[in-house]
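Secondary and tertiary structure notes
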Amino acid sequence: MPRYWLLKSEPEAFSIDDLARAKNQTTRWDGVRNYQARNFLRDEIAVGDGVLFYHSNADPPAVAGTARVVRAGYPDPTQFDAKDGHHDPGSTSDAPRWFAVDIAFDAKFAHAVTLPELRADPALAEMVLLRKGSRLSVQPVSAAEWKRISKLGARE
DNA sequence: GCCAACGTTGGC
DNA sequence: GCCAACGTTGGC
């Protein structure tokens, strides 16, 4: 059984359209520097899992579409690159601290499902995204939440 | 641009 | 181990 995840990205940095335009419509999801999110990337996320692509710091913030995981957790190369903004001098190749996954474009929603719409839907009340103070950039989504949001996004 | 909430760091 | 200071996230 596939599992489902929500990944946040600021669309000014990398949007669902950028993913759709990327080589092979695939990208490496790197640069995550939070331990709880790292644990999901390293230990939980599997090939074939579904991804809700969320635009944070956007107007309005919204789930913009879906992607799927095409490569499970592996050491994030940017942590070893001194020229990269995500460089972590405390991490070694023997014991990498940070992990990445690869995702491929699936679909852009006909209707981006906005944060107010998510909040207004009783079926989504338990979403991690909607919890007070929740800032996790990689978070689990239930199968029911996935189904519901996909349905909302398919609306014209 | 503001600021609440959260995570990390480092002195003690 | 505590906690103040600082940095980041992300909605508004």
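What counts as what
- Residue positions are given per chain, counting from 1 as you read along its sequence in written order.
- Here the convention is simple: chains get letters from A, ligands get numbers from 1, in the order in which they are written.
- pLDDT decides what is reported in this predicted model: residues at 70 or higher carry local features, side-chain atom pairs at 80 or more are listed and counted, and totals for whole chains, interfaces and linings draw on all residues regardless.
- Based on all heavy atoms of the structure, the side-chain values leave hydrogens and waters out of the count.
- Here, proximity means that at least one heavy atom of the residue falls within 4 Å of the molecule or strand.
- Two N or O atoms form a polar contact when they lie within 3.5 Å of each other; inside protein one atom must be a possible hydrogen donor and the other a possible acceptor, and for residues adjacent in sequence the pair counts only when both atoms belong to side chains.
- At least two DSSP bridges between two strands are needed for those strands to be called paired.
- The numbering of helices and of strands both runs from the N terminus, where a helix is a DSSP run of H or I of at least 4 residues and a strand a run of E of at least 2.
- Throughout, an axis means a line fitted to C-alpha atoms (over the contacting stretch in the case of helices), and angles, computed between N-to-C directions, take values from 0 to 180 degrees.
- In what follows, a contact means two residues having at least one pair of non-hydrogen atoms within 4.5 Å.
- Ten residues, namely Ala, Val, Leu, Ile, Met, Phe, Trp, Tyr, Cys and Pro, are considered nonpolar, four, namely Asp, Glu, Lys and Arg, are considered charged, and the remaining ones, Gly among them, are considered polar.
- Note on classification: 1.4 Å probe, protein chains only; a residue is buried when its accessible area is under 20% of the maximum for its type, exposed when over 50%, partly exposed between these limits.
- In this description, one arc is meant: the one made by directions from the helix axis to the C-beta atoms.
- The term salt bridge refers to a side-chain nitrogen of Lys or Arg lying within 4 Å of a carboxyl oxygen of Asp or Glu.

Once that is clear, we can look at the protein's contact with DNA strand C. Surrounding DNA strand C, one finds Lys8, Tyr54, Ser56, Asn57, Pro61, Leu115 and Arg135. Restricting the count to atoms of DNA strand C within 4 Å of the protein gives a sugar and phosphate share of 63%. At 2.8 Å, a side-chain N or O of Lys8 approaches a phosphate oxygen of DNA strand C. Within the backbone of Asn57, a nitrogen or oxygen atom sits 2.9 Å from a phosphate oxygen of DNA strand C.

With that settled, consider the sheet that holds strand β3 (residues 50-55). In sheet architecture, strand pairing relies on hydrogen bonds along the backbone and comes in two forms, parallel and antiparallel. With mixed pairing, the six strands of this open sheet are ordered in space as β2-β5-β4-β3-β1-β6. Both outer strands of the open sheet, β2 (26-29) and β6 (138-141), are each paired with one neighbouring strand and no more. The mean angle between the axes of side-by-side strands here comes to 40°, regardless of whether they run parallel or antiparallel. Pairing between strand β4 (residues 62-75) and strand β5 (residues 99-114): 10 bridges, direction antiparallel. Looking across to β5, one finds that Thr66 is bridged to Ala107. Most of the contacts of helix α2 (residues 35-44) go to β6, to which it runs at about 60°, and overall it touches β1 (4-9), β4, β5 and β6. Contacts from helix α4 (residues 143-154) reach β1, β3, β4, β5 and β6, with the element oriented near 45° to β5.

Our focus in this paragraph is the protein's contact with DNA strand B. The immediate surroundings of DNA strand B are formed by Tyr35, Lys132, Gly133 and Arg135. Expressed as a percentage, the sugar and phosphate content of the atoms of DNA strand B within 4 Å of the protein is 70%. The side chain of Lys132 places a nitrogen or oxygen atom 2.6 Å from a phosphate oxygen of DNA strand B. Arg135 is positioned such that a nitrogen or oxygen atom in its side chain is 2.7 Å from a base oxygen of DNA strand B. Here the surface near DNA strand B is composed, by residue class, of one nonpolar, one polar and two charged.

It is worth spelling out α2 at this point. Of the residues making up α2, those classed as buried are Ala37, Arg38, Phe40 and Leu41. Taken end-on, α2 shows its buried residues confined to a sector of 160°, consistent with a single buried face. Looking at the buried positions of α2, the neighbouring elements they touch are β1, β4, β5 and β6.

On to the pattern of salt bridges, then. Enumeration according to the criterion identifies eight salt bridges in this entry. A salt bridge links Asp17 to Lys108; the shortest N-O distance between them is 3.0 Å. Of this pair, Asp17 sits in helix α1 (residues 16-21) while Lys108 sits in strand β5, placing them 91 residues apart in sequence. On the accessibility criterion, Lys108 (47% relative accessible area) is partly exposed. Close ionic contact of Asp121 with Arg148 constitutes a salt bridge, the shortest N to O distance being 2.6 Å. One end of the pair, Asp121, is in the loop between α3 (115-120) and β6; the other, Arg148, is in helix α4, and 27 residues separate them in sequence.

Moving on to the side chain of Gln79. Assignment of secondary structure puts Gln79 in the loop between β4 and β5. Overall, the relative accessible area of 0% leaves Gln79 in the buried class. Within polar-contact distance, the side chain of Gln79 engages the backbone oxygen of Asp76 at 2.9 Å. If sequence neighbours within four positions are ignored, Gln79 has contacts with Arg33, His86, His87, Asp88, Ser91, Pro96, Arg97 and Trp98.

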